[in-house]
Amino acid sequence: MEKILDQLQEAIENGETQKAMNKTKDALNMGLRTDKIIKTAINPAFRDLGQKMFDGEIYVTDVLMASRAAHAAMYVMEPIISRSTGQTKGIVTIGTVAGDLHDIGKNLVIMMLQGSGYTVIDLGIDVPVEDFVEAIRTHKPDVLALSALLTTTLPELDATLEALVEAGLRSQVKVIVGGAPVTREYAARIKADAYANDLFEASEAVGDLVKNRIGAYAV
Ligand code: B1M
(Lines give C-alpha, C1' and ligand atoms only; values in the text may rest on other atoms or scores of the structure.)
Protein backbone atom coordinates (compact mmCIF):
# COMPACT_ATOMS: atom_id res chain seq x y z
CA MET A 1 0.00 0.00 0.00
CA GLU A 2 2.72 2.47 1.02
CA LYS A 3 4.62 1.63 -2.20
CA ILE A 4 1.92 3.16 -4.39
CA LEU A 5 2.11 6.38 -2.38
CA ASP A 6 5.90 6.46 -2.75
CA GLN A 7 5.41 6.05 -6.51
CA LEU A 8 2.85 8.85 -6.58
CA GLN A 9 5.17 11.14 -4.63
CA GLU A 10 7.99 10.35 -7.04
CA ALA A 11 5.77 10.97 -10.08
CA ILE A 12 4.77 14.38 -8.71
CA GLU A 13 8.34 15.35 -7.88
CA ASN A 14 9.41 14.34 -11.41
CA GLY A 15 6.52 16.29 -12.95
CA GLU A 16 5.08 13.15 -14.57
CA THR A 17 1.44 14.18 -14.99
CA GLN A 18 0.01 11.03 -16.56
CA LYS A 19 1.84 8.79 -14.11
CA ALA A 20 0.61 10.91 -11.19
CA MET A 21 -2.99 10.50 -12.41
CA ASN A 22 -2.59 6.75 -12.86
CA LYS A 23 -0.98 6.26 -9.45
CA THR A 24 -3.74 8.31 -7.80
CA LYS A 25 -6.38 6.13 -9.51
CA ASP A 26 -4.50 3.00 -8.40
CA ALA A 27 -4.29 4.29 -4.82
CA LEU A 28 -8.04 5.01 -4.75
CA ASN A 29 -8.80 1.60 -6.27
CA MET A 30 -6.73 0.01 -3.53
CA GLY A 31 -9.06 1.66 -1.04
CA LEU A 32 -6.75 4.42 0.17
CA ARG A 33 -8.54 7.49 1.47
CA THR A 34 -8.00 10.90 -0.11
CA ASP A 35 -6.71 12.39 3.17
CA LYS A 36 -4.10 9.65 3.39
CA ILE A 37 -3.05 10.26 -0.23
CA ILE A 38 -2.71 14.00 0.37
CA LYS A 39 -0.84 13.65 3.66
CA THR A 40 1.44 10.80 2.63
CA ALA A 41 2.23 11.57 -1.01
CA ILE A 42 1.29 15.11 -2.09
CA ASN A 43 2.41 17.08 0.97
CA PRO A 44 5.79 15.27 1.29
CA ALA A 45 6.42 15.79 -2.43
CA PHE A 46 6.20 19.54 -1.91
CA ARG A 47 8.28 19.40 1.26
CA ASP A 48 11.04 17.72 -0.77
CA LEU A 49 10.64 20.12 -3.69
CA GLY A 50 10.76 23.10 -1.37
CA GLN A 51 14.00 21.89 0.17
CA LYS A 52 15.53 21.16 -3.23
CA MET A 53 14.48 24.59 -4.51
CA PHE A 54 15.96 26.18 -1.39
CA ASP A 55 19.23 24.22 -1.89
CA GLY A 56 19.37 25.26 -5.54
CA GLU A 57 19.13 21.65 -6.77
CA ILE A 58 16.07 22.35 -8.91
CA TYR A 59 14.59 25.36 -10.70
CA VAL A 60 11.21 27.08 -10.63
CA THR A 61 10.31 25.33 -13.91
CA ASP A 62 10.78 21.95 -12.20
CA VAL A 63 8.44 23.03 -9.43
CA LEU A 64 5.89 24.20 -12.00
CA MET A 65 6.01 20.79 -13.72
CA ALA A 66 5.52 19.15 -10.32
CA SER A 67 2.62 21.52 -9.56
CA ARG A 68 0.95 20.42 -12.77
CA ALA A 69 1.35 16.77 -11.82
CA ALA A 70 -0.08 17.50 -8.35
CA HIS A 71 -3.05 19.32 -9.90
CA ALA A 72 -3.65 16.24 -12.05
CA ALA A 73 -3.64 14.02 -8.94
CA MET A 74 -6.06 16.42 -7.24
CA TYR A 75 -8.27 16.40 -10.35
CA VAL A 76 -8.63 12.62 -10.02
CA MET A 77 -9.64 12.95 -6.35
CA GLU A 78 -11.88 15.99 -6.83
CA PRO A 79 -15.19 14.12 -7.39
CA ILE A 80 -14.63 12.18 -4.16
CA ILE A 81 -13.56 15.14 -2.03
CA SER A 82 -16.18 17.53 -3.42
CA ARG A 83 -19.21 15.29 -3.03
CA SER A 84 -22.03 17.81 -2.93
CA THR A 85 -24.53 17.56 -0.10
CA GLY A 86 -27.18 19.55 -2.01
CA GLN A 87 -27.66 22.32 0.53
CA THR A 88 -24.98 24.89 1.30
CA LYS A 89 -23.70 25.17 4.87
CA GLY A 90 -22.42 28.69 4.25
CA ILE A 91 -20.49 30.90 1.85
CA VAL A 92 -16.72 31.17 1.93
CA THR A 93 -14.77 33.67 -0.15
CA ILE A 94 -11.15 32.63 -0.54
CA GLY A 95 -8.03 33.93 -2.22
CA THR A 96 -4.25 34.05 -2.15
CA VAL A 97 -3.07 37.51 -1.11
CA ALA A 98 -1.46 40.12 -3.37
CA GLY A 99 2.03 39.36 -4.65
CA ASP A 100 1.59 35.64 -4.03
CA LEU A 101 1.05 33.13 -6.85
CA HIS A 102 0.90 29.94 -4.75
CA ASP A 103 -2.45 28.19 -5.04
CA ILE A 104 -1.96 24.45 -4.63
CA GLY A 105 -2.72 24.52 -0.89
CA LYS A 106 -5.58 26.98 -1.38
CA ASN A 107 -7.12 24.73 -4.02
CA LEU A 108 -6.91 21.76 -1.65
CA VAL A 109 -8.65 23.83 1.02
CA ILE A 110 -11.36 24.73 -1.53
CA MET A 111 -11.90 21.08 -2.45
CA MET A 112 -12.22 20.17 1.21
CA LEU A 113 -14.67 23.00 1.90
CA GLN A 114 -16.79 22.16 -1.13
CA GLY A 115 -16.71 18.52 -0.11
CA SER A 116 -17.93 19.55 3.34
CA GLY A 117 -20.90 21.38 1.83
CA TYR A 118 -19.82 25.03 1.65
CA THR A 119 -20.26 27.31 -1.35
CA VAL A 120 -16.83 28.65 -2.21
CA ILE A 121 -16.13 31.81 -4.18
CA ASP A 122 -12.52 31.61 -5.32
CA LEU A 123 -10.92 34.97 -6.09
CA GLY A 124 -7.76 33.23 -7.28
CA ILE A 125 -4.17 34.29 -6.70
CA ASP A 126 -2.43 37.64 -6.29
CA VAL A 127 -5.63 39.21 -4.99
CA PRO A 128 -5.34 42.90 -4.05
CA VAL A 129 -6.81 44.05 -0.75
CA GLU A 130 -9.48 46.10 -2.55
CA ASP A 131 -10.77 43.00 -4.34
CA PHE A 132 -11.24 41.19 -1.04
CA VAL A 133 -13.13 44.18 0.34
CA GLU A 134 -15.30 44.40 -2.79
CA ALA A 135 -16.03 40.66 -2.62
CA ILE A 136 -17.28 40.99 0.96
CA ARG A 137 -19.63 43.77 -0.15
CA THR A 138 -20.85 41.86 -3.20
CA HIS A 139 -21.09 38.27 -2.00
CA LYS A 140 -21.67 38.82 1.74
CA PRO A 141 -19.87 35.57 2.66
CA ASP A 142 -19.94 34.06 6.12
CA VAL A 143 -16.20 33.55 6.06
CA LEU A 144 -13.25 35.17 4.31
CA ALA A 145 -10.34 32.73 3.91
CA LEU A 146 -6.91 34.19 3.18
CA SER A 147 -3.92 32.15 2.05
CA ALA A 148 -0.29 33.35 2.04
CA LEU A 149 2.76 31.24 1.22
CA LEU A 150 5.59 33.76 1.29
CA THR A 151 7.02 35.57 4.28
CA THR A 152 7.06 38.66 2.06
CA THR A 153 3.29 38.47 1.48
CA LEU A 154 2.35 37.82 5.12
CA PRO A 155 1.75 41.57 5.73
CA GLU A 156 -1.02 41.41 3.11
CA LEU A 157 -3.08 39.40 5.60
CA ASP A 158 -2.79 42.21 8.09
CA ALA A 159 -3.49 44.82 5.40
CA THR A 160 -6.66 42.99 4.33
CA LEU A 161 -7.98 42.82 7.89
CA GLU A 162 -7.22 46.51 8.39
CA ALA A 163 -8.98 47.39 5.14
CA LEU A 164 -12.06 45.50 6.31
CA VAL A 165 -12.06 47.54 9.52
CA GLU A 166 -11.68 50.78 7.55
CA ALA A 167 -14.53 49.80 5.22
CA GLY A 168 -16.76 49.09 8.24
CA LEU A 169 -17.11 45.45 7.16
CA ARG A 170 -15.06 43.66 9.79
CA SER A 171 -18.03 42.70 11.99
CA GLN A 172 -19.88 41.24 9.01
CA VAL A 173 -17.45 38.49 8.17
CA LYS A 174 -15.30 35.96 10.02
CA VAL A 175 -11.72 35.73 8.81
CA ILE A 176 -9.55 32.63 8.74
CA VAL A 177 -5.91 32.72 7.68
CA GLY A 178 -3.51 29.98 6.67
CA GLY A 179 -0.53 28.98 4.58
CA ALA A 180 2.93 27.66 5.44
CA PRO A 181 4.50 30.80 7.00
CA VAL A 182 1.34 31.73 8.94
CA THR A 183 1.31 30.84 12.64
CA ARG A 184 -1.39 30.91 15.28
CA GLU A 185 0.54 33.71 17.01
CA TYR A 186 0.63 35.79 13.84
CA ALA A 187 -3.08 35.18 13.26
CA ALA A 188 -3.81 36.36 16.80
CA ARG A 189 -1.59 39.43 16.37
CA ILE A 190 -3.49 40.60 13.28
CA LYS A 191 -6.83 39.78 14.97
CA ALA A 192 -8.00 37.09 12.56
CA ASP A 193 -10.82 34.93 13.91
CA ALA A 194 -9.18 31.59 13.17
CA TYR A 195 -6.03 29.93 11.93
CA ALA A 196 -5.71 26.55 10.26
CA ASN A 197 -2.60 24.55 9.57
CA ASP A 198 -4.01 22.36 6.79
CA LEU A 199 -7.10 21.64 4.74
CA PHE A 200 -8.64 19.41 7.40
CA GLU A 201 -8.28 22.01 10.14
CA ALA A 202 -9.53 24.67 7.70
CA SER A 203 -12.77 22.78 7.13
CA GLU A 204 -13.36 22.27 10.87
CA ALA A 205 -12.50 25.87 11.66
CA VAL A 206 -14.87 27.20 8.99
CA GLY A 207 -17.57 24.98 10.51
CA ASP A 208 -16.98 26.65 13.88
CA LEU A 209 -16.95 30.13 12.38
CA VAL A 210 -20.15 29.63 10.40
CA LYS A 211 -21.91 28.40 13.52
CA ASN A 212 -20.41 31.36 15.37
CA ARG A 213 -18.76 29.00 17.78
CA ILE A 214 -15.40 29.48 19.44
CA GLY A 215 -13.78 26.29 18.29
CA ALA A 216 -10.41 24.66 18.65
CA TYR A 217 -9.02 26.77 15.83
CA ALA A 218 -9.99 30.18 17.16
CA VAL A 219 -7.01 32.41 17.80
CO1 B1M B 1 7.30 28.89 -4.17
N2 B1M B 1 8.15 29.20 -2.44
N3 B1M B 1 8.08 30.51 -4.87
N4 B1M B 1 6.59 28.32 -5.88
N5 B1M B 1 7.04 27.19 -3.42
C6 B1M B 1 7.85 28.26 -1.37
C7 B1M B 1 6.62 28.69 -0.58
C8 B1M B 1 9.20 28.28 -0.53
C9 B1M B 1 9.03 27.91 0.96
C10 B1M B 1 10.27 27.39 -1.23
C11 B1M B 1 11.63 27.45 -0.56
O12 B1M B 1 12.39 28.35 -0.80
N13 B1M B 1 11.94 26.49 0.27
C14 B1M B 1 9.64 29.76 -0.75
C15 B1M B 1 9.11 30.77 0.26
C16 B1M B 1 10.16 31.21 1.23
C17 B1M B 1 9.59 32.17 2.18
O18 B1M B 1 8.88 33.08 1.87
N19 B1M B 1 9.94 31.96 3.43
C20 B1M B 1 9.14 30.01 -2.16
C21 B1M B 1 9.67 31.00 -3.02
C22 B1M B 1 10.87 31.77 -2.51
C23 B1M B 1 9.12 31.25 -4.30
C24 B1M B 1 9.59 32.29 -5.33
C25 B1M B 1 9.98 33.65 -4.77
C26 B1M B 1 10.74 31.61 -6.11
C27 B1M B 1 11.40 32.47 -7.15
O28 B1M B 1 10.79 32.92 -8.06
N29 B1M B 1 12.66 32.66 -6.91
C30 B1M B 1 8.37 32.39 -6.26
C31 B1M B 1 7.37 33.45 -5.79
C32 B1M B 1 6.23 33.61 -6.75
C33 B1M B 1 5.13 34.44 -6.13
O34 B1M B 1 4.27 33.88 -5.48
N35 B1M B 1 5.18 35.74 -6.32
C36 B1M B 1 7.78 31.02 -6.11
C37 B1M B 1 7.10 30.37 -7.11
C38 B1M B 1 6.57 29.10 -7.00
C39 B1M B 1 5.93 28.36 -8.17
C40 B1M B 1 5.08 29.27 -9.06
C41 B1M B 1 7.04 27.74 -8.98
C42 B1M B 1 5.15 27.23 -7.41
C43 B1M B 1 3.69 27.60 -7.11
C44 B1M B 1 2.74 26.92 -8.07
C45 B1M B 1 1.32 27.02 -7.60
O46 B1M B 1 1.01 27.15 -6.43
N47 B1M B 1 0.45 26.98 -8.58
C48 B1M B 1 5.88 27.17 -6.08
C49 B1M B 1 5.81 26.09 -5.18
C50 B1M B 1 5.03 24.89 -5.65
C51 B1M B 1 6.42 26.11 -3.91
C52 B1M B 1 6.58 24.96 -2.89
C53 B1M B 1 7.69 24.06 -3.41
C54 B1M B 1 5.36 24.15 -2.59
C55 B1M B 1 4.12 24.95 -2.15
C56 B1M B 1 2.97 24.02 -2.16
O57 B1M B 1 2.16 24.03 -3.07
N58 B1M B 1 2.91 23.10 -1.15
C59 B1M B 1 6.99 25.75 -1.57
C60 B1M B 1 7.88 24.97 -0.63
C61 B1M B 1 7.08 24.24 0.44
O62 B1M B 1 5.98 24.61 0.80
N63 B1M B 1 7.65 23.23 0.97
C64 B1M B 1 7.44 27.04 -2.12
C65 B1M B 1 1.92 22.02 -1.12
C66 B1M B 1 0.63 22.54 -0.52
C67 B1M B 1 -0.36 21.39 -0.41
O68 B1M B 1 0.92 23.02 0.77
O69 B1M B 1 0.65 25.43 0.06
O70 B1M B 1 1.52 24.84 2.38
P71 B1M B 1 0.65 24.53 1.22
O72 B1M B 1 -0.86 24.49 1.73
C73 B1M B 1 -1.27 23.76 2.88
C74 B1M B 1 -1.20 24.59 4.17
O75 B1M B 1 -0.27 25.63 4.14
C76 B1M B 1 -2.61 25.03 4.38
O77 B1M B 1 -3.39 23.98 3.83
C78 B1M B 1 -2.74 23.48 2.67
C79 B1M B 1 -3.09 22.04 2.48
O80 B1M B 1 -2.87 21.28 3.64
N81 B1M B 1 -3.12 26.27 3.80
C82 B1M B 1 -4.19 26.85 4.38
C83 B1M B 1 -2.77 26.95 2.71
N84 B1M B 1 -3.57 28.00 2.56
C85 B1M B 1 -4.46 27.96 3.58
C86 B1M B 1 -5.53 28.79 3.90
C87 B1M B 1 -6.27 28.49 5.05
C88 B1M B 1 -5.97 27.40 5.82
C89 B1M B 1 -4.93 26.56 5.50
O90 B1M B 1 -7.30 29.22 5.47
C91 B1M B 1 -7.62 30.35 4.78
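Provided above is the structure to which this section pertains.
Just so it is clear, the model here is predicted, and its values are computed rather than measured. (Residues numbered from 1 in each chain as written. Predicted model: local features only at pLDDT ≥ 70, side-chain atom pairs only at ≥ 80, totals over all residues. Heavy atoms only, no water.)

**Q** Can you help me understand the coordination of the cobalt atom of the ligand in this one?
**A** Ideal coordination angles are 109.5 degrees for a metal with four donors arranged tetrahedrally and 90 or 180 degrees for a metal with six donors arranged octahedrally. Protein coordination of the cobalt atom of the ligand is limited to a single donor, H102 (NE2), positioned at 2.2 Å. Relative to the helices and strands, H102 resides in the loop between strand 1 (91-96) and helix 5 (104-115). (Donors = N, O, S within 2.8 Å, 3.2 Å for Na, K, Ca; no water. Helix = DSSP H or I, 4+ residues; strand = E, 2+ residues; numbered from the N terminus.)

**Q** Explain the pairing of strand 1 here, please?
**A** The two faces of the sheet receive side chains in turn, since in a regular strand these alternate between them. For strand 1, the tally of buried residues reaches five of six residues, placing the bulk of the element in the interior. Looking at chain direction, strand 1 and strand 2 (residues 119-122) are connected through four bridges and run parallel. The residue of strand 2 that forms the bridge with I94 is D122. Traced from strand 1 through helix 5 to strand 2, the parallel crossover comes out right-handed. In this structure, strand 1 lies alongside strand 3 (residues 143-147), joined through five bridges in parallel fashion. When the bridges of strand 3 are listed, V92 appears paired with V143. (Buried < 20%, exposed > 50% of the residue type's maximum accessible area, 1.4 Å probe, protein only. Pairing = 2+ DSSP bridges. Right-handed = clockwise from strand over helix to strand, strands pointing away.)

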